[in-house]
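# Secondary and tertiary structure notes
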Amino acid sequence: MAGNSQRRGAIRKGGKKGPTVGSGGQRRRGLEGKGPTPKAADRPNHKAHKMAKAADRRGGGRPAGRTGGRKQPGSSEIVAGRNAVVEALRSHVPVTTMYVAGRIDADDRVREAIKTATERAIPVLETPRGELDRLTDGAVHQGLALQVPPYEYADPRDLIDPEQPGIPLVVALDGITDPRNLGAIVRSVAAFGGHGVVVPNRRSVGMTASAWKTSAGAAARIPVAQATNLTRALEDFRKAGFFVIGLDMDGDVELPDLELASEPLVVVVGSEGKGLSRLVRETCDQIVSVPMSSAVESLNAGIATGVTLYEVARRRR
């Protein structure tokens, strides 16, 4: 029995099972936390780290492939697909480069696109389909794509003293996310003597190729300004002598009774779903509604803006 006790003691002292005598609490310290787990991109052996390093070597700062989200303001845009490319060229959307897949099966749309690009001195690059897949982020490009340069936004303060003649008239968008609405509004601003459009740089639509196409060329004449804070921009307009009116179903006054039409004016248009945000609404001097049949709940933002601008232009004659 004594021999067995000695053998068990020897196992406890020298074996892997059981605590080591006199460890000084090393095992307890080993169980303590070592801080937050580093991000995948910060771990040298992780795939994300290797991809990030490869992207840095390419100079892009990010791995190639899908972006996974909406393009940030000021970034270039790719228009993909034969119909989309032809429509963009017909609408005179600014283009820096046209990409054509090698050995493309040319139809009337491809021939028109190449002819138009050549006439306007737009660079035409023959591109392998794999590279075109990457450039278009996996979209159905049909062997044809355009690169649209970043839109150059104006500063909202540039619209306070517009270069165009007439009483200043500006439209501000609050929460509009459909580029076709933006394009239609830019077109209405041009049609009824407006001087510009203001959009927030967050949670708002930007001047994409789709917005440019919908504007039917008006985007080349009407400046679109980008505001870091829409409420602050509206307050700046008010300090400069503008009146700010917001369009909403529950208005203080109906459009035919608008008496501020002959004053320097900012017309604020809210989103169809949520309308004007609280802070923007509180900044407005007046809330105006467009009278309509009770059978219709609300108007499209672009249509409501066009109706309002027409009424303002009519009263200014």
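Preceding block: the structure.
Residues numbered from 1 in each chain as written. Predicted model: local features only at pLDDT ≥ 70, side-chain atom pairs only at ≥ 80, totals over all residues. Heavy atoms only, no water.

## Considerations on the overall build of the protein
Looking only at helices and strands, the protein has 11 helices and 11 strands in total. Within the protein, the proportion of its 317 residues that are buried is 37%. Excluding contacts between residues fewer than 6 apart, the proportion of contacts in the protein whose partners are at least 24 apart in sequence is 80%. (Helix = DSSP H or I, 4+ residues; strand = E, 2+ residues; numbered from the N terminus. Buried < 20%, exposed > 50% of the residue type's maximum accessible area, 1.4 Å probe, protein only. Contact = heavy atoms within 4.5 Å.)

## Some details on the sheet that holds strand β11 (residues 286-289)
Strand order across the open sheet formed by seven strands is β7-β6-β5-β10-β8-β11-β9, with parallel pairing between neighbours. The strands lining the two open edges of the sheet, one partner per strand, are β7 (224-227) and β9 (253-254). Pairing geometry for strand β6 (residues 196-200) and β7, over four bridges, is parallel. Within the sheet, the bridge partner assigned to V198 lies in β7 and is A225. The sheet contacts of helix α7 (residues 179-191) involve β5 (169-174), β6 and β7, and relative to β6 the element is tilted by about 155°. Most of the contacts of helix α11 (residues 301-316) go to strand β10 (residues 265-270), to which it runs at about 160°, and overall it touches β5, β8 (243-247) and β10. (Pairing = 2+ DSSP bridges. Axes fitted to C-alpha atoms, helices over the stretch in contact; angles between N-to-C directions.)

## What about the pattern of salt bridges?
According to the stated counting rule, one finds 13 salt bridges in the structure shown. When the shortest N-O distance is used, the salt bridge between R281 and D248 registers 3.4 Å. Taken together, the residues R281 in helix α10 (residues 278-283) and D248 in the loop between β8 and β9 connect sequence positions 33 residues apart. A relative accessible area of 31% places R281 in the partly exposed class. Connected through salt bridges with shared partners, the residues R82, D107 and R109 form a single ionic network. (Salt bridge = Lys/Arg side-chain N within 4 Å of Asp/Glu carboxyl O.)

## Considerations on the sheet that holds strand β4 (residues 144-148)
The four strands lie next to each other as β1-β4-β2-β3, forming an open sheet whose pairing is mixed. The two strands at the open ends of the sheet, each matched to only one other strand, are β1 (77-80) and β3 (124-127). The sheet shows a mean angle of 25° between the axes of neighbouring strands, direction not considered. Most of the contacts of helix α4 (residues 82-90) go to β4, to which it runs at about 45°, and overall it touches β1, β2 (97-101) and β4. Set on the sheet, helix α5 (residues 108-119) makes contact with β2, β3 and β4; between it and β2 the angle comes to about 145°.

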